[in-house]
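# Descriptive structure summary
For reference, the chains in residue letters:
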Amino acid sequence: MKRSKVLVQEADFDVSESLKWMREGLPEIGAVACFVGTVRDMNDNSAVRGMTLEHYPGMTEKALQNILTVADQRFEISSAMIIHRVGPLQPEDQIVLAAASSAHRQQAFLACEFIMDYLKTEAPFWKKEDTPQGSRWVSARDSDDSAKSRWEQST
């Protein structure tokens with residue numbers, strides 16, 4: 001991988017500018033795949049008015065960079081990026097951008113999906129939702145562990 005970036009920040013991000021950074025000066029790139037996660041207004045059959053994302057500074061960035069390093073070892077990617085927001089967020093706000101580039105689309109798609117599957121289980125983030133019934137911490141989902149395990153079976 002020629003270029004990678006990890007950012008954990010409160011500020012929103014510009015998807016177009018981020019993808020431009022991934023491609024600039026790398027003419028061998030033929031595909032960029034990205035995922036943008038946003039805050040939903042419903043979760044577990046309850047309305048969500050907002051959420052707060054917490055993390056361990058330093059540890060979080062290291063874990064995210066490790067995910068990109070592993071993706072680089074598994075896929076033929078030229079660049080990769082994770083931007084993850086923390087702090088208070090509202091429905092429709094962007095939470096995360098995961099992106100990977102490659103000479104061909106399949107490697108970019110696979111790497112992007114791998115990055116998100118690992119991010120959901122390996123990154124030290126904690127999510128607290130504000131619902132009409134009060135605040136609640138969001139537990140890990142079995143479906144996230146299942147999504148990650150399929151990559152472990154294909155090693």
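Just above, that's the structure.
Note that the structure is a prediction, hence the values are computed from the model and not measured.

### What about the overall build of the chain?
Helix and strand counts for the chain come out as four helices and 10 strands. Sequence-ordered secondary structure for the chain, helices as α and strands as β, is β-α-β-β-β-β-α-β-β-β-α-β-β-α. By the compact-globule yardstick of 15 Å for 155 residues, the chain fits well, its C-alpha radius of gyration being 16 Å. Based on the C-alpha atoms only, the size of the chain along its principal axes is roughly 50 × 35 × 30 Å. Within the span of the chain, comprising 155 residues, buried residues form 43% of the whole. Taking all contacts inside the chain whose residues are at least 6 apart in sequence as the whole, residues at least 24 apart take part in 76%. Put simply, the chain shows about 8,600 Å² of open surface, and 46% of that area lies on carbon and sulfur atoms.

### Considerations on helix H1 (residues 15–23)
Inspection of H1 places Val15, Ser18, Leu19 and Met22 among the buried residues, and these make up the whole buried set. In a view along the axis of H1, the buried residues occupy a sector of 95°, so they form one face of it. Packed against the buried residues of H1 are strand S1 (3–9), strand S2 (31–38), strand S6 (79–85) and strand S8 (94–102). By the N-cap criterion, in which a side-chain oxygen at the helix start approaches the backbone nitrogen of a residue two or three places on, H1 is capped by Asp14, the distance to Ser16 being 2.9 Å. Backbone geometry just downstream of H1 places Gly25 in the positive-phi region, at approximately 75°.

### Topic: a nonpolar patch on the surface
A cluster of nonpolar side chains, contributed by Tyr56, Met59, Trp126 and Trp137, occupies part of the molecular surface with about 480 Å² of accessible area. Since its relative accessible area comes to 48%, Trp137 is described here as partly exposed.

### Re the pattern of salt bridges
By the definition in use, this model includes seven salt bridges. The salt bridge partner of Arg49 is Asp130, with a shortest N-O separation of 3.5 Å. With a gap of 81 residues between them, Arg49 in the loop between strand S4 (46–47) and strand S5 (50–55) and Asp130 in strand S9 (residues 125–131) connect regions that are remote in the sequence. According to the relative accessible area criterion, Arg49 is partly exposed, its value standing at 45%. For Asp130, a relative accessible area of 30% translates into the label partly exposed.

### Observations regarding the side chain of Arg85
Within the secondary structure, Arg85 sits in strand S6. Separated by 3.1 Å, the side chain of Arg85 and the backbone oxygen of Glu10 make a polar contact. For Arg85, the residues in contact, after removing those within four places along its chain, are Gln9, Glu10, Ala11, Asp12, Phe13, Leu53, Asp93, Gln94 and Ile95.

### So, the pairing of S8
A large share of S8 lies buried, amounting to nine of its nine residues. Relative to S8, S2 runs antiparallel, the two being bridged by eight bridges. Within S8, the residue paired with Val36 across the bridge is Leu97. Pairing of S6 with S8 involves six bridges; the strand directions are antiparallel. When the bridges of S8 are listed, His84 appears paired with Val96.

Criteria and thresholds
Here the residue index of a chain counts from 1 through its sequence in written order. Given that the model is predicted, a residue must reach a pLDDT of at least 70 before its local features are reported, and side-chain atom pairs must reach 80 or more before they are shown or counted; all residues, however, enter totals for whole chains, interfaces and linings. Based on all heavy atoms of the structure, the side-chain values leave hydrogens and waters out of the count. Each helix is a run of H or I in the DSSP string that is no shorter than four residues. Each strand is a run of E no shorter than two, and both are numbered from the N terminus. As defined in this context, the radius of gyration uses C-alpha atoms, and a globule is described by 2.2 Å times the residue total to the power 0.38. Accessible area is worked out with a 1.4 Å probe on protein chains only. A residue is then buried under 20% of its type maximum, exposed over 50%, and partly exposed in between. Throughout, a contact is declared for two residues whenever any of their heavy atoms are within 4.5 Å. Areas reported here follow the Shrake-Rupley algorithm with a probe of radius 1.4 Å; residue values treat only the protein chains shown as occluding. Working note: the arc is built from the helix axis to C-beta atom directions. Throughout this description, a polar contact denotes any pair of N or O atoms lying within 3.5 Å of each other; where both atoms belong to protein, one of them has to be capable of donating a hydrogen while the other can accept it, and for residues adjacent in sequence the pair is counted only when both atoms sit in side chains. Within this analysis, patches are made of residues with over 30% relative accessible area and no salt bridge. Like charges are joined at 9 Å or less; nonpolar side chains (Val, Leu, Ile, Met, Phe, Trp, Tyr) at 5 Å or less. The working definition used for a salt bridge is a side-chain nitrogen of Lys or Arg within 4 Å of a carboxyl oxygen of Asp or Glu. We call two strands paired when DSSP finds no fewer than two bridges between them.

That's the geometry; what it means functionally is another story.
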